[in-house]
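Understanding the architecture of this molecule
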Amino acid sequence: QVQLVESGGGLVQAGGSLRLSCEASGRTFSRFYMEWFRQAPGKEREFVGGISWSSGITYYGDSVKGRFTISRDNAKNTVYLQMNSLKPEDTAAYYCAGSIGLSRSAELCDYWGQGTQVTVSS
């Protein structure tokens, strides 16, 4: 089994920054893709970005390109989502997820964290 635990959410003013963490445990992740999604009230879950655990290659959704950066620390089994230039429309619950292949789709992810709330005030 895989356990994912997010942390780092909170309230921030527009233009500010936050860094979310996703700590993974339970099995080896060398072949996993770790992805971030977000969901605002009344909206569908949206792909934010992802990273290949083995290669470190990252990929992002269009709405966050140039503002968000994903990285990993293999020694800590932790993936990070650095969010800069935050906007009120970034307000959502943010989830990390793990999948065997590159998915960009919530339906294809096998493992999920509990989520962490990010609120951006204007």
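The structure contained in this document is the topic of the report that follows. Quick caveat: nothing in here was measured; it's all calculated off a predicted structure.

1. What to know about the packing of aromatic side chains
- The tally for this structure, following the rule as stated, stands at six aromatic pairs.
- Their ring planes at 25° and their centres at 5.7 Å tell us that F32 and Y111 sit as a pair that is stacked. Placement of the pair is F32 in the loop between β3 (18–25) and β4 (33–39) and Y111 in strand β10 (residues 111–112), with a sequence separation of 79 residues.
- Residue classification places Y111 among the buried positions, given a relative accessible area of 18%.
- The interplanar angle of 80° and the centroid separation of 6.3 Å between the aromatic rings of Y95 and W112 together place this pair among those described as edge-to-face. Separated by 17 residues along the polypeptide, Y95 in strand β9 (residues 92–99) and W112 in strand β10 bring together distant segments of the chain.
- Residue classification places W112 among the partly exposed residues on the basis of a relative accessible area of 28%.
- A cation over an aromatic ring shows up here: R45 above the ring of Y95, its NZ or CZ 4.0 Å from the ring centre.
- Sitting over the ring of W112, R45 keeps its end group 4.7 Å from the ring centre.

2. What to know about the pattern of salt bridges
- Tallying each qualifying case throughout the model produces four salt bridges.
- Residues D90 and R67 are paired through a salt bridge, measuring 2.7 Å at the closest nitrogen-oxygen approach. With D90 in the loop between β8 (78–83) and β9 and R67 in the loop between β6 (58–60) and β7 (68–73), this pair connects stretches of sequence that are 23 residues apart. For the pair shown, D90 and R67 are each scored as buried.
- What you see here is one network of salt bridges that share partners, running through R38, E46, R67 and D90.

About the criteria used
Residue positions are given per chain, counted from 1 along the sequence in the order it is written. Reporting in this predicted model follows two pLDDT cut-offs: at least 70 for local features of residues, and 80 or more for side-chain atom pairs to be given and counted; totals over whole chains, interfaces and linings ignore these cut-offs and use all residues. With hydrogens and water excluded, all non-hydrogen atoms of the structure serve as input to the side-chain values. Any two of the Phe, Tyr and Trp rings considered here, Trp counted by its six-membered ring, make a pair once their centres fall within 6.5 Å; the pair's planes then place it as stacked at under 30 degrees, edge-to-face at over 60, or tilted in between. In this text, helices come from DSSP runs of H or I with a minimum length of four residues, and strands from runs of E with a minimum of two, each type numbered from the N-terminal end. Each residue gets one of three labels from its accessible area relative to the maximum for its type: buried under 20%, exposed over 50%, partly exposed in between, using a 1.4 Å probe on protein chains only. Here, a charge over a ring is recorded when the distance from Lys NZ or Arg CZ to the ring centre is within 6 Å and its angle to the ring normal is within 35 degrees. Criterion for a salt bridge: a side-chain nitrogen of Lys or Arg within 4 Å of a carboxyl oxygen of Asp or Glu.

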